[in-house]
Structure formats: structure tokens, C-alpha cells
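Residues per chain, in single letters:
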Amino acid sequence: MTHFSIGLGTGKQNKKGEWLEVFYPKPLMTPSDAAIKVLKETLWYGDSNEALAATNEQMRVLAESFTNVGENELARIAQSLSNSKLPLVATVLATDDSPTSTPEAYLKLHLLSHRLVKPHGVNLSGIFPLLPNVAWTNEGAIDLEELPEAQLKARTEGRLLEVASIDKFPKMTNYVVPAGVRIAHTARVRLGAYIGEGTTIMHEGFVNFNAGTEGTAMIEGRISAGVMIGKGTDLGGGCSTMGTLSGGNDIIIALGDKCLVGANAGVGIPLGDRCTVEAGLYITAGSVVNVLDDKGEVISKAKARDLAGKSDLLFRRNSLSGSIEVLTNKSSIQLNEELHSHN
Amino acid sequence: MTHFSIGLGTGKQNKKGEWLEVFYPKPLMTPSDAAIKVLKETLWYGDSNEALAATNEQMRVLAESFTNVGENELARIAQSLSNSKLPLVATVLATDDSPTSTPEAYLKLHLLSHRLVKPHGVNLSGIFPLLPNVAWTNEGAIDLEELPEAQLKARTEGRLLEVASIDKFPKMTNYVVPAGVRIAHTARVRLGAYIGEGTTIMHEGFVNFNAGTEGTAMIEGRISAGVMIGKGTDLGGGCSTMGTLSGGNDIIIALGDKCLVGANAGVGIPLGDRCTVEAGLYITAGSVVNVLDDKGEVISKAKARDLAGKSDLLFRRNSLSGSIEVLTNKSSIQLNEELHSHN
Amino acid sequence: MTHFSIGLGTGKQNKKGEWLEVFYPKPLMTPSDAAIKVLKETLWYGDSNEALAATNEQMRVLAESFTNVGENELARIAQSLSNSKLPLVATVLATDDSPTSTPEAYLKLHLLSHRLVKPHGVNLSGIFPLLPNVAWTNEGAIDLEELPEAQLKARTEGRLLEVASIDKFPKMTNYVVPAGVRIAHTARVRLGAYIGEGTTIMHEGFVNFNAGTEGTAMIEGRISAGVMIGKGTDLGGGCSTMGTLSGGNDIIIALGDKCLVGANAGVGIPLGDRCTVEAGLYITAGSVVNVLDDKGEVISKAKARDLAGKSDLLFRRNSLSGSIEVLTNKSSIQLNEELHSHN
């Protein structure tokens, strides 16, 4: 039987012993049968989706056993974790079913940010209630009920307890920094984001979970939950993409390769390749636009949603007439055929 | 005599002994006569608005005295503070007069963020000069004149002195995290914000002091100073509300319940309930708009400021004509009556 | 021979001994011949642009020698640095040639942020490859290859290794806080920014390197690389300026004095003094606009790029016709002359 994924991790729990978050240094997909066998023997893993609590001693035994079967990377992680002052967990996902616990949910978010699965490529249904709302501080995650006392204690001791975020999702970079990226301001990239190699995210950029970039990209705008950005695409400063959680309804927004969305612009439809949206222009699915052919002649009107996913479009607002126009590199005959094929 | 508020606090001072900031773990409104009597006996409180310095020993005595008169919550705070390594203060506001000292100013900002008073519900006049401009660091507040030496010292010792903000206002969450909120990126919510229960502030959200949300709300845009947002209202990513400090002049902007302001949009007028502003559209008070009735017919023009506070309006820019339109669910007869009643 | 600049600094290196960053507490321009002589004698400085490694003992000798020649400020810095636990460097720029090492690049960025040189006033060509992409953490700069082990180690020890940024540029305020500024959220101002005295940068403000403000200014929008903002100018919340790195092409954008760019607006052309851009309006160089005279009559059309740098213009989008208009305080005769003088 092939298993979906495993992660050895450590993290913080509240005073009731409930997980607040889990850090998996190096999760992996489709673990070997040998690795699974070790988990069965050491932690009584039972072949379902399970988050197995482990003592430091058990983690040490895991390290030895992994070494014995040649699973050196797992052994190395287990060895490091065996000294942890924080609780330990070995999470095994036999299948990609909906997550059912905080450690499972965190493992799936790690898989995305480690680029082991793509956005929409892993089952996250029901994840929200599994992610506790937590105070993310300079002393790690703290349960919100335990926060006031911790703040008061720190203050009277002359320390600052810095509360950087109150959220269900932590920032990605405190868990994993994928290779070949720049993220100027990490508070704006959630764990569960998929940041392709060669991506630069400037200070105004933002990436939600289950969203991201395929490869090289310059991101100075906001990538909403569920949105994927193609290679060589440039999101201008402060531009917006409509997400599946907020107003994008059922349309999954994606941008193709080599697109350019201008500063303070926005897109509410998927774009194909090599599309441009002028700075400051927001295209919603319901916008009716004038369609211009390769000679700049208006040949018809179209709803923006009917242009969804098409390539080589340039959207602009005519600065004299005020109408939204879409320009193409196609003749009027080609355009008419293409538009009608979608009616 | 009823007193307005008291707060027992601790905070940092500069080397001259001037307050840089004060942390009040649990301020309260209309303290009992018994509590006031304790403050009079222990700290010679004199019935005006006063920030009373207290030694650790005096704070211990306060704790005992509060216990003796059954003020157990005050006793608990005083007991915790009595061990503080930082200076202590007991601030009593007999009345809601303009604040006259840094501890008084901080107490009023705390009252807002603890939801004990509403924005515009407490006298903040003259507060700016009372709030010193401070370096907010991972070692707490530091006087700007003392900062260069502190930075050099930290560096040569191999530590980083992280300077997160240079501002008159600290971030709210290092002082109080009200119940039932999510604030994805706390650097963007100032102490003095009022964040209603059920509010989620995403990374792009921002809330200034003396501003906030009444209850459940999704905030991905900017709530300027003085602006209040109704229940069930959704501010889209990067949207703007004009504040009383910056361009909003004397009009106090407020949004009613169940409004939706689209991404990258903006409002320069107050909105009633159930209003929508299309993504990317900025409504300023001076904008002249076409008014459409429930059949979508243009029946008149109006200045946006004359629509201030009305409910059930939808603002959009016609994507072909470029004109700003406001749609209603009212017939042209009802609309005419309503508009004329404001002439 | 006059030398350009010197800086005594300390910073972090990776395990290979390569500089990750350098902190210069107090760099200076045109050092005295006496100071240069000390560097020649102590560190064998050879009159070119050099980053001279120094031991703690050498730094102590430097301090003594600077004192002996009356260079007390340099002596004070050298004395403080001589105790550093981190590597030391004395960087001397004989000339303002292109930087050739990480310490030289960092010195030039410091010169800008210390207001010793203005944006475009120092040679930064070829700086990007000299700035390593680094993890900026609460424990200082960490090489990206060394980060995963450091994160794992911190976690197992129960500490949080906070990764605030993955970038070539650090935040300015961890290196220098110039006098007379407020910067509400420092993560958005890069080292190499020039922040004029009297500038307030609100949470939504942003300033890239080699860019900034001349003096008093209220910045709630984004100042892109290479952009300079005049005195008394107000950038509204979320507004955009096109930079030389991204879409601004070869035009260097600058704004004059007393301009007002509205919230969520944008400028792709330089502006003169006392110009206004309405909230929500993006002016690109290619926008064709209606030109109105002092009576509000349309007298001609113009490309925005032909209005570059002119003063006393007000840009708005007519809310009924949808056309972009530029209003002036000039008569139609004056306007015609001015426009034609640019044809």
C-alpha cells in the first residue's frame, strides 16, 4: 500500500495539551514501505491518517530504526527532534482525505509550501476549524486564553511579549523558506502558500494559502486564496486578484505566463498568457467591454467573463471615452469566430 | 462623586524619567467609591485627573487594601504589578476632560481597545503632543535620543535591536487583544482602535486609533482615524476610507451594516446599510453621479455627498460610458421624493 | 587627495566568511587626511576603494590613533566596535566608483539613509549582485543555506527563529533612524532610503532604496526605487509611483513640493509643484487627457507625458463623461502657448 505523506514534527501545545501548531522540518511524499514499517513498530501506527504522539525516547528509537533501514534523511530529522523541549508528533497520511486534526492540517500546509504538492492539488476541505486561532509571538504560539497572563508576566519582568499576529495561519517563513525566492516582508505570506523558484515578493505583495506562483514572477500585489500565477508574470504594486473565498464565487482565478497586471489594478477573471491589465483598472467578471481588433476598431462588446482564460489581451480604460476596452492582436474575423465559439 | 476611569499600569521611561508608554493590564470604568478611597489613602489621590507614581511597596499596599474592600480584580492586578522591574503608575480620571499627561493619554487609548468606550465616545483632544515619538523595539520602547547608542551596544554584543516602528502610537496587540478577533498582521492596528467581536482583519487591513468595527466584519482595507464600520460589513482588499485627519474634512465617515466595499475602491462619504461600492471605484464627496431607479433608468444626477448615509445604494462605474452610477431598489417616484427632501 | 567616504563597521558573515551585511554606526563623507593616514598606518590602506578587515585589537589601535590626531568621533566609534563579537571592517571609498564588494555596497546605502548623499547622488551601478539574499531574523542575518538547520535547532530548543524577510536589502531602521521622522511600520522602508526631516510614513507607506523625501511629507503610498518627493507633499493611502525598475522605463519620476496624490491613485509621470491627482485615478505617461483652462473649458488634448514636470495641475476623471481631465489655473491662451512650446 502506498502512503500519501509523512512528517515528523514538534510544536507548541496549550496548557490543556491541545496542539496550537506543528513544525515539520522536512515532510515527505509517498514514504517507503520500510519507513512505514518503522512507524508501525515504534509508534503502533495503524495504516490510517494518524497523528502519533511521540516521546523524546521514542523519537530516538525512530532515528535508530530509520538508520537501520537506510532512511537516512528521516533518521537525521528524528535524531534532531529527539532533543526537543517541545512535544513531538509523527503524522502519517495514508491517503489524501480531508484532514481531521491540527497536526494533519499543518502537514498539508507544509506540503504546499515545500512545493511537494501544488495549490488545488491536496485535499484541504474542512481545514479551518482544525486550525486554532493563535497569538503568534516572539516566544512562539500562545493560546489566546493564556495570553493576558503571559503579557502581564513579561511586562513585569521587563520583557516585551511581541504579538505579531492573531490568526489561524502562521507566516510561511517561520516554517519553511523554499529555495530561490525573495520575500521582502514575510508577514504577508501564509503557511500553505506555494512560492515557485525565482519568485520575488516585494513588500506590497501578499500570498494566501493554497495559492502562489509557478516559477519566476515579480509579485507586488495580492494573490488571494486559490489563485495561481504563471511563469514570468508580474503583479504590479497593490493590484488585486479575486479569491475563491471573497467575491470570486466559483470561478477559480489563475493567471497565465508573462502577464502584466498594473499597479492598483485588479482581476476578477482568469487570464491566459501574455495578457496586460492597465494600471488602476479593475476588471470584474460582469464588466461589459468594447472589443477592439488588431486595427484598434471596436468590433463588438463582450462580458469580461466571456474573455476568461484567453491569451494576448490588453485591457485598458480609454482615457477620453471612459469605456473599458480590450485590445487583441487578432483580426476582426478571427475575433468574431473566437467570441462566438463561446456563446 | 462618580469617577470616569482608573488604570493601574507599568511602562518604560527614558533616562530623564519621562514616560514613553504605559501598559494597563485591565483598566476599568466608573470605579467604586471604595476603590477611590484606597487610592486616596495609599497614594494621596486628590480627586482630579492624576497619574500617580507608585513604588513597588505602594503597589503591594494597594493590593492588600483592594482585597480588604473586596476589589479583587484590582487587587490581583496590583499584586502582579508590585513585582514589576519597570516604573509603576496608578492613573485616575475623575472626568473625561482632555488628557494632560502621557499616562492619561495611554489610559484613554486602552479604554478604546478594551471596548470600554466607543470611538468618538471619549475625549482625546490634544492627545498628539502627549504621545512621545518612540522607537518600538524587541526590547520595548526606547527614547529616540537613546537609540543610536542602544543599537551600537546591541550590535557589538552580537544581538539585533529590532526597531519595528518609530511612532507616537504603539501597536494594539502588545497591550490588549480583545476577545473574538483575528488580526493577521498586528503592525497595522494602532492602540486606540476598537475592534468589535467577530472581526477578522486580514494582512491588508488597517485600523487607526479612535476607529474600528461594531461587530462581525471582514476588513481587508483601511479604516482611517475616526471611521466606524457597521456589523456584517466587508471592506475589500486595499480599499480606502477617508479619515477626519486626511482629506475627509469635517465629515465623519461611517459605514452602516452589511455594506460591501470592493477591492481597491474607496469611500469619501458615509454609507448607510447594505450599500455596495464596486471594486476599483473611488467615491469622493464631490463626485457627481447618475442616479438610476429600480428599472435601471437614469432619473437625475446627484452629488455623492447628498447621498451620504442613505441605505441600499450600489455605486459602480458604467464600463462603457465611464460615468459613475448609483443604483437603488427604489422607483423613480420614491427616488425623486427622497432626493428633493435633501435639497 | 580628497577621499569620498569612510565607514567603520561590524556585521555578520556566513560560515564561509562571506559578508552578509555590515552595520556602520556613523559613516562620514570626505574624511580628513589625518584620518586616512591612520588607516594607512594601522590597516595598510592603499588609497583605492577598499574594505579592510580589522581585528578587535586593530580597532583598538585605530581608536587610539584617531584620538591622537583629534578625530574624536571616529575614535569613539572605533572604541565601541573594538569590543564587538562580530567581524569588523573599515571601508574606505577613495572615489564614488561603482561598488565592488558587499561592505562598499552597504556603506553607500548607509550614506543615503544617513542623508549624507541624495538619491541619484551616489553611484550604485552593479549593486544588486553585491547584496546577498539573506534571511533577516530576530538573531540577525543568516545565510539561506544555513537557515534550515538554524530553524530546526531553535525549535528543538523551544525558541522561535523569526524570519522577518528574505531579501537583498535590510530594513533601514535596524541600521539608522534619521532625526525628525515617524515610520509607523519600518518593514516597508529599505536601507538606502532617504527620509527627509519632518516626514511621516504611515503604515501603508513604502520607500525603496535610492528614493525618498526632501523634507516634511506625509507618506501613505509607495515611493518606488529612484523616486523623490518634494517638501510638503502628501501621498495618499495606497497610492503608487512608477519606479525606474518597474514600468517607469527611463523617465525618472519625481514629485515637486506641495503636491497631493489621492488615496489609491498613481502617477507614471513626474509632477511639478502644487499638483493634485484625484483619489483613485492612475495617470500613466501614455494617457491622453482633456486639458481645461482656468474657466473649466476643454481647450485641447494632451498626452500625460507632455505635461510631465509642470506645476499647478489638477488631474481628475470626470465622473459623468469618464474622461481624464487636467485643470489648470491658466487661461486658454497661456495654456496653448505652454503646450505648443513642448511640441
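See the structure printed just above.
Now for a quick tour of the structure. Every chain is numbered independently, its residues counted from 1 as its sequence is written. Whichever chain is written first becomes A and whichever ligand is written first becomes 1, with later ones labelled in order. Local features are withheld for residues below a pLDDT of 70 in this predicted model, meaning they are given only at 70 or higher, and side-chain atom pairs are given and counted only at 80 or more; totals for whole chains, interfaces and linings count all residues. Hydrogens are left out, water is left out, and the side-chain values use all remaining heavy atoms of the structure.

Time to look at the sheet that holds strand β9 (residues 193-195) of chain B. Residue and element names in this part refer to chain B. A strand pair is defined by DSSP finding two or more bridges across the two strands. Going along the chain from the N terminus, every DSSP run of H or I of four or more residues is numbered as a helix, and every run of E of two or more is numbered as a strand. Strand order across the open sheet formed by 4 strands is β9-β12-β15-β18, with parallel pairing between neighbours. Single-partner strands in this sheet number two, and they are β9 and β18 (254-255). By the bridge criterion, 2 bridges tie strand β12 (residues 211-213) to strand β15 (residues 228-229) in an arrangement that is parallel. Counterpart to Gly212 in the pairing with β15 is Met228.

What follows deals with the sheet that holds strand β4 (residues 88-93) of chain C. Residues and elements named next belong to chain C. Pairing is antiparallel in the open sheet, where 4 strands are placed in the order β2-β1-β4-β3. Edge positions in the open sheet fall to β2 (28-29) and β3 (50-54), since each of these has one partner strand only. The sheet contact formed by strand β1 (residues 5-10) and β2 spans 2 bridges and is antiparallel. Looking across to β2, one finds that Ile6 is bridged to Leu28.

Every contact between the two is made by 43 residues of chain A and, on the other side, 47 residues of chain C. What gets called buried area is simply the loss in accessible area from a 1.4 Å probe that two parts show on being joined, summed for both. A per-residue breakdown of the area chain A buries against chain C is headed by A:Arg182, A:His203 and A:Leu320, which together make up 19% of the total. Should a side-chain nitrogen of Lys or Arg be within 4 Å of a carboxyl oxygen of Asp or Glu, the pair is scored as a salt bridge. Connecting chain A to chain C are 5 salt bridges. The residue C:Asp167 makes a salt bridge to A:Arg182 at a minimum N-O spacing of 3.2 Å. By the criterion applied in these results, polar contacts are pairs of N or O atoms within 3.5 Å in which, for protein atoms, one can donate a hydrogen and the other can accept it, and in which residues neighboring in sequence qualify only through two side-chain atoms. The interface formed by chain A and chain C holds 23 residue pairs in polar contact (both at pLDDT 80 or more) in total. Only α3 (72-81) and β8 (182-183) of chain A provide two or more residues apiece to the side of chain A that touches chain C. At 4 residues, the largest contribution of residues to the side of chain A that touches chain C is made by α3(A). We call two residues in contact whenever any of their non-hydrogen atoms come within 4.5 Å of each other.

The fit set for superposing copies consists of C-alpha atoms from residues with pLDDT of at least 70 in both; the fit itself is least squares. For the pair chain B and chain A, the superposition axis carries a translation of 0.0 Å, the fit reaches an RMSD of 0.0 Å, and the rotation angle comes to 120 degrees. Such a combination of turn and shift is consistent with a three-fold rotation axis. Among all residues of chain B, the one whose C-alpha sits closest to the rotation axis is B:Gly322, at a distance of 2.3 Å.

Let's shift gears to the packing of helix α2 (residues 56-68) of chain C against helix α3 (residues 72-81) of chain C. All names here are of chain C. Interaxial angle, 0 to 180 degrees, is taken between N-to-C directions of lines fitted to C-alpha atoms, where a helix line uses only the stretch in contact. Between α2 and α3, whose axes approach to 8 Å, the crossing angle comes to 160 degrees. When the interaxial angle is binned, α2 and α3 end up roughly antiparallel. Relative to α3, α2 is oriented so that their crossing is left-handed. Facing Asn56, Met59, Leu62, Ala63, Phe66 and Thr67 of α2, the residues of α3 in contact are Asn72, Leu74, Ala75, Ala78, Gln79 and Leu81. For the contact of α2 with α3, the class distribution of residues is 8 nonpolar, 4 polar and no charged. An angle below 35 degrees is read as roughly parallel, one above 145 as roughly antiparallel, one from 65 to 115 as roughly perpendicular, and any other as oblique. Throughout, a crossing is termed right-handed when the near helix is turned clockwise from the far one, and left-handed when it is turned anticlockwise from it by less than a right angle. Ten residue types, Ala, Val, Leu, Ile, Met, Phe, Trp, Tyr, Cys and Pro, are classed as nonpolar, four, Asp, Glu, Lys and Arg, as charged, and the remainder, Gly among them, as polar.

Here helix α5 (residues 147-156) of chain B crosses α3(C) at 40 degrees, and the two axes come no closer than 9 Å. Classed by the angle they form, the pair α5(B) and α3(C) counts as oblique. The residues of α3(C) that touch α5(B), namely those facing B:Glu149, B:Leu152 and B:Thr156, are C:Arg76, C:Ile77, C:Ser80 and C:Leu81. Looking at the contact of α5(B) with α3(C), its residues break down into 3 nonpolar, 2 polar and 2 charged.

Moving on to unusual backbone geometry. Within the chain, A:Asn210 stands out as a residue other than glycine whose phi angle is a positive 55 degrees. Relative accessible area decides the class of each residue, using a 1.4 Å probe on protein chains only: under 20% of the type maximum gives buried, over 50% gives exposed, and in between gives partly exposed. Given a relative accessible area of 12%, A:Asn210 falls into the buried group. Of note in the backbone geometry, B:His120 takes a positive phi value of approximately 65 degrees without being a glycine. Tracing the sequence through the fold places B:His120 in the loop between α4 (102-113) and β5 (134-137).

Let's shift gears to the pairing of strand β4 (residues 88-93) of chain B. Put simply, side chains in a regular strand alternate between the two faces of the sheet. All names here are of chain B. β4 sits mainly inside the fold: 6 of its 6 residues count as buried. Across 6 bridges, strand β1 (residues 5-10) lies against β4 in antiparallel orientation. Paired with Leu8 across the strands is Ala90, a residue of β4. In this structure, strand β3 (residues 50-54) lies alongside β4, joined through 5 bridges in antiparallel fashion. Looking at β4, one finds that Ala54 is bridged to Leu88.

A separate point is α4(B). Residue and element names in this part refer to chain B. With 12 residues, α4 extends 17 Å between its outermost C-alpha atoms, agreeing within 8% with the 16 Å of an ideal straight helix rising 1.5 Å per residue. Across the 12 residues of α4, 12 count as buried, placing the element largely inside the fold. Residues of α4 that are buried: Thr102, Pro103, Glu104, Ala105, Tyr106, Leu107, Lys108, Leu109, His110, Leu111, Leu112 and Ser113. The inward-facing, buried residues of α4 abut β1, β2 (28-29), β3, β4, β5 and β9. Backbone geometry just after α4 places Arg115 at a positive phi near 60 degrees. Each helix should span, by expectation, one fewer than its residue count multiplied by 1.5 Å.

Residue and element names in this part refer to chain A. Working definition: a ring pair exists when centres of Phe, Tyr or Trp rings (six-membered ring for Trp) sit within 6.5 Å. Plane angles under 30 degrees give stacked, over 60 give edge-to-face, the rest tilted. According to the stated counting rule, one finds 15 aromatic pairs over all chains in the structure shown. Centroid distance Tyr106 to Tyr175: 6.2 Å. Interplanar angle 45 degrees. Geometry classified as tilted. Here Tyr106 is found in helix α4 (residues 102-113), whereas its partner Tyr175 is found in the loop between β7 (163-167) and β8, with 69 residues between them in sequence. Across the pair, exposure class does not vary: Tyr106 and Tyr175 are buried alike.

Everything listed here is a matter of coordinates, which is why it stays silent on function.
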